[in-house]
Amino acid sequence: MSDAAGSSGAAREYRIGELAEAAGLPVRTLRYYQERRLLPPPRRVGRVGLYSEEHLARLRVVGNLLERGHTLEGIRELLSAWEQGRDIGAVLGVEKAVTAPWSTEEPVTMTLEELAGLFPGQVNAAAVAEAVELGHLTVDGDRVTHWSRRQLEATVALVRAGVPLGEVLAVSRRLQHSMDELAALFVRLIADHVVGRLDGRDLDALTATLDRLRPGAQVTVEAGFARAMDRQVRAALDRTLGGLAASGDG
């Protein structure tokens with residue numbers, strides 16, 4: 001600990017190595033944060049830079065925001081707003097309300113052997129890697145976690161009906177791309193017409209509004225997909241019956 005903290009009751013101060021140790025970070029990370037203006041300059045005593053408890057607290061805020069998925073640039077803007085007198089609690093409250101999980105899926109964990117048993121002869125390293133890339137699976141040693149029990153059960157049903165697992169994963173990739181585009185439409189609507197008009201709006205009111213929007217957005221997608229399935233099934237049935245009629249005429 002630096003000499004500046006030696007007297008009883010004095011505010012503790014740290015040299016950069018001591019601050020790094022207290023924060024559990026490498027010194028190079030602290031220097032990088034300073035370059036990105038995430039960490040204010042230290043107090044200078046000659047050629048020695050001394051950091052305060054406020055620097056340590058700020059590093060903990062940065063760490064918490066990184067864990068919540070914020071980028072360093074986003075964190076810099078939040079901290080800048082804080083320094084300019086804006087209530088960072090309110091800003092983070094909006095962030096929490098907007099980014100609360102939309103999914104309520106139940107994950108399921110099993111061994112790789114158990115996963116292979118669900119898809120006999122079709123689970124190999126390539127299939128697992130593709131499922132991981134798509135976000136369906138996470139792997140921890142010899143255990144895997146599927147993000148959704150319902151989706152896993154649906155995949156098992158398709159494969160048992162005769163659809164190859166590789167085909168299911170290929171369709172899943174296309175479906176994920178389509179869902180991303182659809183979600184982007186909803187996000188733009190919410191960002192432009194709800195979150196983008198926050199001036200003077202109470203945070204509790206925003207949270208309540210978003211809570212009302214969530215089921216509506218999901219119902220819209222589910223109902224739209226069901227309706228599209230009706231159309232596609234009828235069209236496929238017409239083609240099948242037409243082919244049978246043609247072969248019967250021959």
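Report follows, based on the coordinates.

### A closer look at the overall build of the chain
Step number 1: The helix and strand tally for the chain stands at 10 helices and six strands.
Step number 2: Evaluated residue by residue, the chain yields a buried proportion of 26% over its 250 residues.
Step number 3: Of all intrachain contacts in the chain linking residues separated by at least 6 positions in sequence, the fraction that spans at least 24 positions is 58%.
Step number 4: Surface exposure of the chain reaches about 16800 Å², of which carbon and sulfur atoms provide 55%.

### Looking at the packing of helix α7 (residues 125-134) against helix α9 (residues 165-193)
Step number 1: Contact geometry for α7 and α9: axes closest at 11 Å, N-to-C directions at 15°. In this view, α7 runs roughly parallel relative to α9, as classed from their interaxial angle. Crossing angle aside, the handedness with which α7 passes α9 is left-handed. Each of A127, E130, A131, E133 and L134 in α7 lies in contact with α9, whose residues at this interface are L165, L169, A170, S172, R173 and Q176.

### Description of helix α3 (residues 53-67)
Step number 1: End to end, α3 covers 21 Å across 15 residues, agreeing with the expected 21 Å (1.5 Å per residue, within 8%).
Step number 2: Every buried residue belonging to α3 is among H55, L56, R58, L59, V62 and L65, and all of these are buried.
Step number 3: Two or three places before E54, at the opening of α3, S52 has a side-chain oxygen 3.2 Å from that residue's backbone nitrogen.
Step number 4: Two residues or fewer past α3, G69 is found with a positive phi of approximately 100°.

### Description of the sheet that holds strand β5 (residues 137-140)
Step number 1: A sheet is described by the order of its strands in space; here three strands give the open sequence β4-β6-β5, paired in antiparallel fashion. Looking along the sheet, the strands with just one partner apiece sit at the ends: β4 (108-111) and β5. Geometrically, the sheet is characterised by an average inter-axis angle of 25° between neighbouring strands, direction not taken into account.

### A short note on the pairing of β5
Side-chain positions along a regular strand alternate between the two faces of the sheet.
Step number 1: Across four bridges, β5 lies against strand β6 (residues 143-146) in antiparallel orientation. Across the sheet, D140 pairs through a bridge with R143, a residue of β6.
Step number 2: As consecutive antiparallel partners, β5 and β6 are separated by two residues, and within that stretch G141 has a phi angle of approximately 65°, a positive value.

### A look at the nonpolar core
Step number 1: L19, L30, Y33 and L39 are the most contacted members of the largest nonpolar core, which has 17 residues in total.
Step number 2: Within the residue set of this core, elements represented by two or more residues are α1 (16-23), α2 (27-35), α3 and α4 (72-83).
Step number 3: Setting aside residues no more than four positions away along its own chain, L39 makes contact with L19, L30, Y33, Q34, Y51, H55, R58 and L59.
Step number 4: Counting residues in hydrophobic clusters, the runner-up holds 16 residues, among them M110, A131, L134 and V144.

### What about the environment of T155?
Step number 1: Within the secondary structure, T155 sits in helix α8 (residues 149-160).
Step number 2: The sequence separation of T155 and L169 amounts to 14 residues, and the corresponding C-alpha distance is 9.0 Å.
Step number 3: Among residues more than four places away in sequence, those in contact with T155 are F119, L165 and V168.

### Thoughts on the sheet that holds strand β3 (residues 48-52)
Step number 1: Spatially, β1-β3-β2 is the arrangement adopted by the three strands of the open sheet, whose pairing is antiparallel. Since the sheet does not close on itself, it has two edges, and those belong to β1 (13-14) and β2 (43-45), each with one partner.
Step number 2: Bridge count between β2 and β3: three bridges; the pairing is antiparallel. Residue pairing for β3: R44 is matched across the bridge by G49.

Conventions and cut-offs
Residues numbered from 1 in each chain as written. Predicted model: local features only at pLDDT ≥ 70, side-chain atom pairs only at ≥ 80, totals over all residues. Heavy atoms only, no water. Helix = DSSP H or I, 4+ residues; strand = E, 2+ residues; numbered from the N terminus. Buried < 20%, exposed > 50% of the residue type's maximum accessible area, 1.4 Å probe, protein only. Contact = heavy atoms within 4.5 Å. Areas by Shrake-Rupley, 256 points an atom, 1.4 Å probe, with all protein chains shown as cover. Axes fitted to C-alpha atoms, helices over the stretch in contact; angles between N-to-C directions. Parallel < 35°, antiparallel > 145°, perpendicular 65-115°, else oblique. Left-handed = near helix turned anticlockwise from the far one by under 90°. Expected span 1.5 Å × (residues − 1). Polar contact = N/O pair within 3.5 Å; in protein donor to acceptor, adjacent residues only side chain to side chain. Pairing = 2+ DSSP bridges. Core = buried A, V, L, I, M, F, W, Y, C linked by side-chain atoms within 4.5 Å.

From the geometry alone we can't say anything about function, so treat these as descriptive.
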